[in-house]
Amino acid sequence: RGAAAQRLLSGVASAGGADGALEAADKPSAVRRNRGDAKRHKQSQRSKGAQFLVQVDSPVEIGPEHRGSIMELTDDLVSQFAPEGFAGDLDEDKNFMEKPGIMVRQPFLEVLEQMKELEAGVPSSAPQASIFSGPRGQGKSMSLNLALLRARANGWITLSMLDTREWVTEKGAMKRGTGTAAVIVPSKLRPGMYSQPRGAQSVLERTLSLHKDQLAKLRQQRKYEHNAYVSEDGFDSLATIAERGIRSAVYAGDAMYDLRMELGLVEDFPVLIVSDQANALYWPTCFYAKGSAVGPDKLLALETFRDFDTSGEVRPQYRLKRGLRLAAPTAKFGFPMPPATILEHFEDTALQFFKPFDVRGEAVSCSKATYARELPVPAYDDAELRNLVIFLKKQKALDSTNALEEQAFRTLQTLTSANPRRIRDALTSPLI
């Protein structure tokens, strides 16, 4: 048997001389075949193990085939396309992960189809505004983050407000005001409106740094009675508006609003307008002026992103010639002020602050709208949940030997209702 095995391995037939040797050389031996099968099986297993990651060089390459997989956020990707940070919990994830990630989910893929149509100059049959809805922690903000990354990586002009609640509450008032006791100041160009200069300048600076070349090529299309946005070289571009607000704080809030209105008329480039915590755009604010409460409709920064009317439809002046409007509400923070104060606001004004969003920010009222739609973000399915567990193990955020065993897996699924944030909290808690 040993001699026969040696002859087989050496490719020499037990009979037939040279012809037999050639025949043996042409046919893989059983041993070679077994070794080859084992190698292919090992490669297949490695490939399957890597399927939880999106294996692309750019967000532009993400497609339907990546559904349920996770794109790691490299330092280069973040510095280039996310200078303001991220919506949701991604910035916090950096505290216990080497590289946080975003999962590609179906609601984003539905928006992706629209993005591709707009990039190709093809009219889309879908409404131009989408509001991601669902319970807290379901992944609404992650879809916004992924859309922003892809848009910026593929030449879109973007305008974003990801920390909306801090614009209406005391937490962010000083940071976005004047740097002194004045947290809001009267608009220079619009009587009755108010500006948060430092916050507006921050938005303008970020937008200009990301899209200066594009904005410099686009001529202003709206008519202005003032000369605030006149350029020295005679070409009054959209970059001129941003530069004016950055250079002069008294014009910052107006410049931010006017830039948004100009972007609605742009056709040379696709435009993406994004706001997270979007129901805060309709909340009563913490601000008072001349003894009266200042509603959200009187703050230029909020009015810049208040695209939706009380029925959930996109207001006519906010519609985009070539672009998308994406929003996600929040239930994370509860109410911005005591209930009695909220009731006082409701009595003082006819504006329904919480429309088109419900009080908890989990649903919207745009079922009859033409220009807006609701995109519910579902709980994780089995494949998505498994990929998240594998990803957390890879990031060393989870130290568990049995998290993927059937019983542990189903227990986790049941206890968290397959909600992404609850899953992550349960898996990464030191008590588990």
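Structure's up top.
Given the structure is predicted, the values throughout are model-derived calculations rather than measurements. (Residues numbered from 1 in each chain as written. Predicted model: local features only at pLDDT ≥ 70, side-chain atom pairs only at ≥ 80, totals over all residues. Heavy atoms only, no water.)

Draft legend 1. Representation of the nonpolar core within the structure. One finds Met 161, Leu 215, Leu 238, Met 256, Leu 263 and Phe 308 to be the most contacted residues of the largest nonpolar core, which totals 57 residues. When contributions to this core are tallied by element, the ones reaching two or more residues are strand E3 (129-133), strand E4 (157-161), helix H9 (197-217), helix H10 (238-247), helix H11 (252-263), strand E7 (271-276) and helix H12 (300-305). Considering every element that reaches this core, the biggest residue donor is H11, with 7 residues. In contact with Leu 238, other than residues within four places in its own chain, are Leu 215, Leu 218, Arg 219, Gln 220, Leu 259, Glu 262, Leu 263 and Val 266. The next biggest cluster of nonpolar side chains, apart from the first, holds 35 residues, and it includes Val 54, Leu 77, Phe 81 and Leu 90. (Core = buried A, V, L, I, M, F, W, Y, C linked by side-chain atoms within 4.5 Å. Buried < 20%, exposed > 50% of the residue type's maximum accessible area, 1.4 Å probe, protein only. Helix = DSSP H or I, 4+ residues; strand = E, 2+ residues; numbered from the N terminus. Contact = heavy atoms within 4.5 Å.)

Draft legend 2. View of the sheet that holds E7. If you trace the 5 strands from one edge of the open sheet to the other, you get E4-E7-E10-E3-E11, paired in parallel fashion. Single-partner strands in this sheet number two, and they are E4 and strand E11 (372-376). Adjacent strand axes in the sheet meet at a mean angle of 15° when their direction is disregarded. Direction of pairing for E4 relative to E7: parallel, over a ladder of 5 bridges. The residue bridging Thr 158 from the neighbouring strand is Leu 272, located in E7. (Pairing = 2+ DSSP bridges. Axes fitted to C-alpha atoms, helices over the stretch in contact; angles between N-to-C directions.)

Draft legend 3. Spotlight on helix H7 (residues 140-153). In this model H7 runs 21 Å from its N-terminal to its C-terminal C-alpha over 14 residues, within 8% of the 20 Å that 1.5 Å per residue would give. Among the 14 residues that make up H7, 12 are buried, leaving the element largely enclosed by the rest of the structure. For H7, the complete set of buried residues consists of Lys 140, Ser 141, Ser 143, Leu 144, Asn 145, Leu 146, Ala 147, Leu 148, Leu 149, Arg 150, Ala 151 and Arg 152. Phi turns positive one or two residues past the end of H7, at Gly 155, with a value near 85°. (Expected span 1.5 Å × (residues − 1).)

Draft legend 4. Region of the structure containing the pairing of E7. E7 sits mainly inside the fold: 6 of its 6 residues count as buried. Residues Val 271, Ile 273 and Ser 275 of E7 are buried on one face, and the alternating residues Leu 272, Val 274 and Asp 276, pointing to the opposite face, are buried as well. Where E7 meets strand E10 (residues 323-328), 6 bridges bridge the pair, whose relative direction is parallel. Bridged to Ser 275 within E10 is Ala 327.

Draft legend 5. Here's a closer look at unusual backbone geometry. Phi angles above zero are rare outside glycine, and Gln 277 is one such case at about 55°. Tracing the chain through its elements places Gln 277 in the loop between E7 and strand E8 (288-289). Residue Gln 277 is classed as buried on the basis of its relative accessible area of 12%. For Lys 290, which is not glycine, the phi torsion reads 55° and is therefore positive. Here Lys 290 shows up in the loop between E8 and strand E9 (292-293).

Draft legend 6. Focus on the side chain of Gln 220. Mapping Gln 220 onto the fold places it in the loop between H9 and H10. A distance of 3.0 Å separates a polar atom in the side chain of Gln 220 from the backbone oxygen of Tyr 229. Setting aside residues up to four positions removed in sequence, Gln 220 forms contacts with Tyr 229, Asp 236, Ser 237, Leu 238, Thr 240, Ile 241 and Glu 262. (Polar contact = N/O pair within 3.5 Å; in protein donor to acceptor, adjacent residues only side chain to side chain.)

Draft legend 7. Up close: the packing of helix H6 (residues 106-119) against H7. The interhelical angle for the contact between H6 and H7, taken along N-to-C directions, is 25°, at an axis separation of 10 Å. By the angle class used here, H6 and H7 are roughly parallel. The hand of the H6/H7 crossing is right-handed. Each of Pro 107, Phe 108, Leu 112, Met 115, Lys 116 and Glu 119 in H6 lies in contact with H7, whose residues at this interface are Ser 143, Leu 146, Ala 147, Arg 150 and Ala 151. Of the residues that constitute the contact of H6 with H7, the class distribution is 7 nonpolar, 1 polar and 3 charged. (Parallel < 35°, antiparallel > 145°, perpendicular 65-115°, else oblique. Left-handed = near helix turned anticlockwise from the far one by under 90°. Nonpolar A, V, L, I, M, F, W, Y, C, P; charged D, E, K, R; others polar.)

Draft legend 8. Structural detail: the environment of Val 122. Along the chain, the position of Val 122 falls in the loop between H6 and E3. A sequence separation of 200 residues divides Val 122 from Arg 322, and the C-alpha atoms of the two residues are 9.8 Å apart.

Draft legend 9. Geometry of the side chain of Ser 187. Looking at the secondary structure, you find Ser 187 in the loop between strand E5 (185-186) and strand E6 (194-195). A relative accessible area of 11% places Ser 187 in the buried class. In this structure the side chain of Ser 187 is engaged in a polar contact, spanning 3.1 Å, whose partner is the backbone nitrogen of Leu 189. Setting aside anything within four residues of it in sequence, one finds Ser 187 in contact with Met 193, Tyr 194, Asp 254 and Leu 300.

These figures come from the coordinates and say nothing about function on their own.
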